[in-house]
Each structure stands twice: as structure tokens, then as C-alpha cells.
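# An overview of the molecular structure
Listed below are the residues making up each chain.
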Amino acid sequence: MSALARIEATLARIAERDPVLNAFTAITAERARARAAELDASRAAGRAALPLEGMPFAVKNLIDIAGLPTLAGSKINRDRAAATQDATLITRLEAAGAVLVGALNMGEYAYDFTGENVHDGASRNPHDHSRMAGGSSGGSGSAVGGDLVPLALGSDTNGSIRVPSSFCGIFGLKPTYGRLSRAGSFPFVASLDHLGPFARNVADLAAAYDAMQGADAGDAACTDRAPDLVGADLGKGIAGLKIGVLGGYFRDGATAAVLATLDHVAQSLGATQRLELPEAARARAAAYVITCTEGAALHLDRLRTRGADFDPAVRDRLIAGALVPAALVAKAQNFRRWYHDQVLRVFEGVDLLLAPATPCTAPMLGQTELDLGGKKVPLRANIGIYTQPISFIGLPVVAVPVTLPGASLPVAVQIIAAPWHEDVALRAAAYLEAAGVARAPQPRWP
Amino acid sequence: MADDSLDQMIAAGTALLGIPVQPEWLPAIRANLEVSLTLAQLVDGFALPDEAEPTPVYVP
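Computed from a predicted structure; not experimentally measured.

Another point: the overall build of chain A. A count of helical and extended segments in chain A gives 13 helices and 13 strands. Viewed in the frame of its principal axes, chain A has a C-alpha envelope of about 60 × 55 × 45 Å. Here chain A holds 446 residues, and 61% of them are scored as buried.

Below, the structure is given as C-alpha cells:
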């Protein structure tokens, strides 16, 4: 199939399904057609095939697309000038042959785990339209889970790639902090922000990851390390890998279905060793404090002048964050170093750790409370309890989707590696996919 | 923390920072501040060595 034919089919599927899923906030149809035609012409002239030749993709709308204002899920950013150039990761994906087809819905300013948005409406779960897609990269989850596009980009500050992967049943990669450039994206919490890909299979996830690696002076946190390409090693299997399963904090509160899924994945990988991360609850607390305070600092001027234009759920958390004493924030940052050192010691004995991505399958849209181990807690603040202690110290994670026999909804397991070892986590994900344990379920569509 | 302390903290803090607050926003701000401070106190309750320093991103 030509790139142009593939893009036309993608645009037709978006036109059919997006009125229900609400994954897209902009569709760059003419740009996509022009790019696809260029690819077809150069291919016909003898160019070798590119790794992502003609693959349609879309990006969370906090990632700059030349010619569009970068909304970051907000009403306020609609007043911004259009971006003058694409974000680094878009440029790199297109250089590898992928074709951008649009911008995706998200929770306001990425401070969200639900995928709901008061300005653009909620992204809907592709497997049950009355349920959440997860956030904050809700449109990314909905678009890939709904099979509108095979590839999307999102951001993950506390879990915003892994939560939609879990609720929408797709593969997601949150790389090591600093691995992929964030240049040309709207920030949230500079010391916790990551960008990464979503896909329906591990090969596409890895190919996109490989295409996006590399130093970038436009992002102060982006590593100067040479790219560690993973594509050729995906099929190496898991022989020789030591894989542990996180217990304690990482099992407390999870539903029986989530724990059964985790145990199934652990058994499939031959992982029997149960481990605990020291002070994981405090790590999650520290991530929460750093998030609400750094986020408040980022948005302070907008809180002063445009308070009524925020999503109230975001605004009220940011105002509260602005009031947390600086000494407590500094302690959270100091704790981060201590916790980082402790967790790296755990990785001296294992190559990978397994944990649930979310404590439950996708909640209903509008749901505000979560049953966490028999206790009712605020849903927004607690969906990310298992993701936050991991991203807090920038560890790479592949979220792998699993739907147990008889279950109606998928849920994801986090495959967590030591810093800069995305390759090992992706190998384990590929092994689970090949074994039929992990897969992105096809959305039901009338 | 007592509710009146939180109320006073919100009133003083938002005034000092120049953040206008509508009265109907206050219950949610207070609830969120209570969560943030409870979690901050959990971190504060952990005895760190004096040598524990943050991990800066800034590279000169």
C-alpha cells in the first residue's frame, strides 16, 4: 500500500470514529497528504525504505506542530501564537518516514490521570465509551487503543503514558529521564517530565523509540549519550534475565483483577522473587509535592491573571501547590536522591521489576472516587500510586497490556528497568507479546 | 492541621502571591492543600542525613 493510500485510510477511520472517541483536537490532513505523496514519489525514484515508511502518527497537543498553537489541553493557550516549527521528536519521526496526522486531546496542562477535559470534552475509552481513557495523554491512549493511528506520542510526568496504556490496552514506553528530547513541548514539572511513544505492538514502539533517540541542545535534560538502538535485539528473549516482582506498597489497594494480571505476567516471565522498594509511599508523596509546587511555579502568572479560565480541578490543585512551604519541597528533592540510591541497590540483584500500572481497570467517566483496598479515596490523586514512585527517579518503563480470559477490559503491567536499560524492558515486552500474554485488543466497533 | 489554620494560610498566601481567589474555589483549594501538606509531612517525617542533596539537572 502506498503511503498516500495508508494516510487516506487513516483519515477516513478518524472521520468515522473520532466523533465518538474524541481523541483528536486537530487533524493535519493536508500536511499528511503532502508528506505521504513526497514519500511515495521518492520511493518510486529508488529511495530505500525508511524504518517507519508511511506510518501515520499523532501527538499529544502539548507537543509543537508548526502552524498550530500548542494547547496543552488548556483554554488559556489558545491565545498563544502558532508554533513556528515542529518539536524535535516530530522531526525525527518524520525523518524516519512517519506521517503526522494530527494533535491529540489531553488533560489540562498534563495535571491529570483521567483523560477528561472541561474545554475539549473527555477522550473516551476505545473498549467502553462510557469509561475513561486515562490521562493525561488520554487522546493518545484513545487514538492508538481505538486503532485510529498505530503510533502516538505522549508525555509522562507521574504516569501519563502508563495510565492510558493500562486503561486503553496498548503498549507505552516511558524512557529514562533525559533519554528523549522534550524540545518543543509545553512543560509541566521540568524535573519529572518525559516524552515517549504509544503503539499497538512492541516492534512499532521500539522502531519509534529508535528513531527519536539522540542528543538535543534544545532540552537541557536531554542526554548526550549515543543512541542505544533496540530494534535488532527485540527477539533475544529473556534467558539470563533476573526479574523480580514488586510487593508491599505495589500490591496494596489493587483490585483482584489487577493482581491476577500481574501474577500472570510474572509467571509467564518466570519471575518468582518478591521485592519491595524502600519507602515507596514516601517516594510517591515526594513526587506529589514536587509536582504540585513546580507546577504552581510554572503557572503562577496564569493563576494571577486567568484563574477563571483554568479547569477548576487543575487550578485548585495548583493554587494549593503554590502555598506549600519551600522547606518541605526542598526536603522532597533531597529525599529523591536518597530513594534513587536505594532503588539502584535493588537493581544490583535484578534486571527488571514488575508492578501494576494502575490499581484498577478504566473507571467510569465522571467518577470521582476510587475504592482502594476497601477505602474510598479521591480518584484523580490516586490512579497513579504505582507509577509515581517509578518516574520519580526517572526509571525506564514499558507498560504492557494484558486482558485475562473472561475479562472485558485490559490493564497494564509496568516492566521497569534500571536507568538507560530500555532495551531489556522492551525485550521482555516482546517476549510477552510473542507468547500471547500481552497484546493490544482490537476495539469493538459497530 | 486545623481548618482555621488552613483558611488563614490560604488567605495570607494567595494575598502575598497576588492570586485572586473566588469564594466558591476555597473548599477545593483547602481540600487540595490538606492533601499536599499531609503528603509533605510524610516526606518531612523521614530522617535524611545532612549530606542528602538534590539531583540538579542544570549543567554549566
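With that settled, consider the overall build of chain B. Within chain B one finds two helices and zero strands. Expressed as a percentage of its 60 residues, the buried residues of chain B come to 20%.

Moving on: the interface of chain A and chain B. Counting residues at the interface gives 34 residues for chain A, matched by 30 residues for chain B. Of all the secondary structure elements, the ones that give two or more residues to the side of chain A that touches chain B are α8 (280-305), α9 (312-322) and α10 (326-346) of chain A. The element contributing the most residues to the side of chain A that touches chain B is α10(A), with ten residues. Residues of the side of chain A that touches chain B, tallied by class, amount to 20 nonpolar, six polar and eight charged.

With that settled, consider helix α3 (residues 88-95) of chain A. Taken residue by residue, α3(A) has A:T88, A:L89, A:I90, A:R92 and A:L93 as its buried positions. In the segment just after α3(A), A:G97 is the residue with positive phi, at about 105°.

Let us now look at the nonpolar core. When a protein is soluble and globular, its nonpolar side chains tend to lie buried together. Residues and elements named next belong to chain A. Core analysis: the biggest nonpolar cluster contains 153 residues, and V289, L354 and A429 have the highest contact counts within it. Residue contributions to this core peak at eleven residues, all from α8. Beyond its immediate stretch of four places on either side in the chain, A429 contacts F171, V202, V398, V400, I415 and A438.

Below, the discussion takes up unusual backbone geometry. Residues and elements named next belong to chain A. Here G135 and S136 are connected by a cis peptide whose omega angle stands at 10°. Take S136: it is sitting in the loop between β3 (99-104) and α4 (138-145). Phi at N22 is positive, roughly 60°, even though this residue is not glycine. Relative to the assigned elements, N22 resides in the loop between α1 (3-21) and β1 (24-27). Looking at N22, the number of C-beta atoms within 10 Å reads 23, which means it is buried. Of note in this structure, D147 is not a glycine but carries a positive phi near 65°. Relative to the helices and strands, D147 resides in the loop between α4 and β4 (151-156).

Residues and elements named next belong to chain A. By secondary structure assignment, the location of P51 is in the loop between α2 (29-44) and β2 (56-60). Residue classification places P51 among the partly exposed positions, given that 16 C-beta atoms sit within 10 Å. Linking P51 and A95, residues 44 residues apart in sequence, is a C-alpha distance of 9.5 Å. Excluding residues within four positions of it along the chain, P51 makes contact with A96, G97, A207 and A211.

As a further point, take the packing of helix α6 (residues 202-212) of chain A against helix α13 (residues 422-434) of chain A. Residues and elements named next belong to chain A. Look at α6 against α13: their axes get within 9 Å of each other, and the N-to-C directions meet at 160°. Classified by the interaxial angle, the pair formed by α6 and α13 is roughly antiparallel. Regarding α6 and α13, the two cross each other, and that crossing is left-handed. In this structure, α6 uses V202, A206 and Y209 to contact α13, whose residues at the interface are E422, L426, A429, A430 and E433. Classifying every residue of the contact of α6 with α13 by side-chain character gives six nonpolar, no polar and two charged.

Next up on the list: the sheet that holds strand β8 (residues 273-275) of chain A. Residues and elements named next belong to chain A. Sheet architecture is open: eleven strands sit in the order β1-β3-β2-β4-β6-β5-β12-β13-β9-β7-β8, paired in mixed fashion. Each edge of the sheet is formed by a strand with only one pairing partner; in this case those strands are β1 and β8. Direction aside, neighbouring strands of the sheet carry axes that sit 30° apart on average. Where β4 and strand β6 (residues 194-199) come together, six bridges link them in antiparallel fashion. Looking at the pairing, A152 lines up with F198 of β6.

Residue and element names in this part refer to chain B. Here helix α2 (residues 26-44) spans 26 Å end to end across 19 residues, near enough to the 27 Å set by a 1.5 Å rise per residue. Those residues of α2 not exposed but buried are I29, N32, L33, S36, L37, L39, A40, V43 and D44. Projected down its long axis, α2 carries its buried residues within an arc of 165°, all on one side. The exposed set on the far side of α2, more than 90 degrees from its buried face, consists of P27 and T38.

A word on the environment of A:G107. By secondary structure assignment, the location of A:G107 is in the loop between β3 and α4. For the pair A:G107 and A:S137, spaced 30 residues apart in sequence, the C-alpha separation works out to 6.9 Å.

Residues and elements named next belong to chain A. Within the secondary structure, A440 sits in the segment after α13. We classify A440 as buried; it has 25 C-beta atoms within 10 Å. For the pair formed by A440 and I170, sequence separation is 270 residues and the distance between their alpha carbons is 4.9 Å. Residues within four places of A440 in sequence aside, it is in contact with G145, G169, I170, F171, R200, N201 and P401.

Time to look at the packing of α1(A) against α2(A). Helix-helix packing is described using two parameters, namely the angle between the two axes and the distance between the axes. Residue and element names in this part refer to chain A. Packing of α1 against α2 brings their axes to within 7 Å, and their N-to-C directions diverge by 155°. Viewed along their axes, α1 and α2 adopt a mutual orientation that is roughly antiparallel. In this structure, α1 contributes A3, L4, I7 and L11 to the contact, and α2 contributes A29, A32, R33, A36, A37, L39 and D40. Grouping the amino acids of the contact of α1 with α2 by side-chain chemistry returns nine nonpolar, no polar and two charged.

How each quantity is defined
Residues numbered from 1 in each chain as written. Chains lettered and ligands numbered in written order. Predicted model: local features only at pLDDT ≥ 70, side-chain atom pairs only at ≥ 80, totals over all residues. Helix = DSSP H or I, 4+ residues; strand = E, 2+ residues; numbered from the N terminus. Buried ≥ 20, exposed ≤ 12 C-beta atoms within 10 Å, placed from the backbone. Contact = placed C-beta atoms within 7 Å. Nonpolar A, V, L, I, M, F, W, Y, C, P; charged D, E, K, R; others polar. Core = buried A, V, L, I, M, F, W, Y, C linked by C-beta atoms within 7 Å. Axes fitted to C-alpha atoms, helices over the stretch in contact; angles between N-to-C directions. Parallel < 35°, antiparallel > 145°, perpendicular 65-115°, else oblique. Left-handed = near helix turned anticlockwise from the far one by under 90°. Pairing = 2+ DSSP bridges. Expected span 1.5 Å × (residues − 1). Arc of directions from axis to C-beta.

Keep in mind these numbers describe shape, not what the thing actually does.
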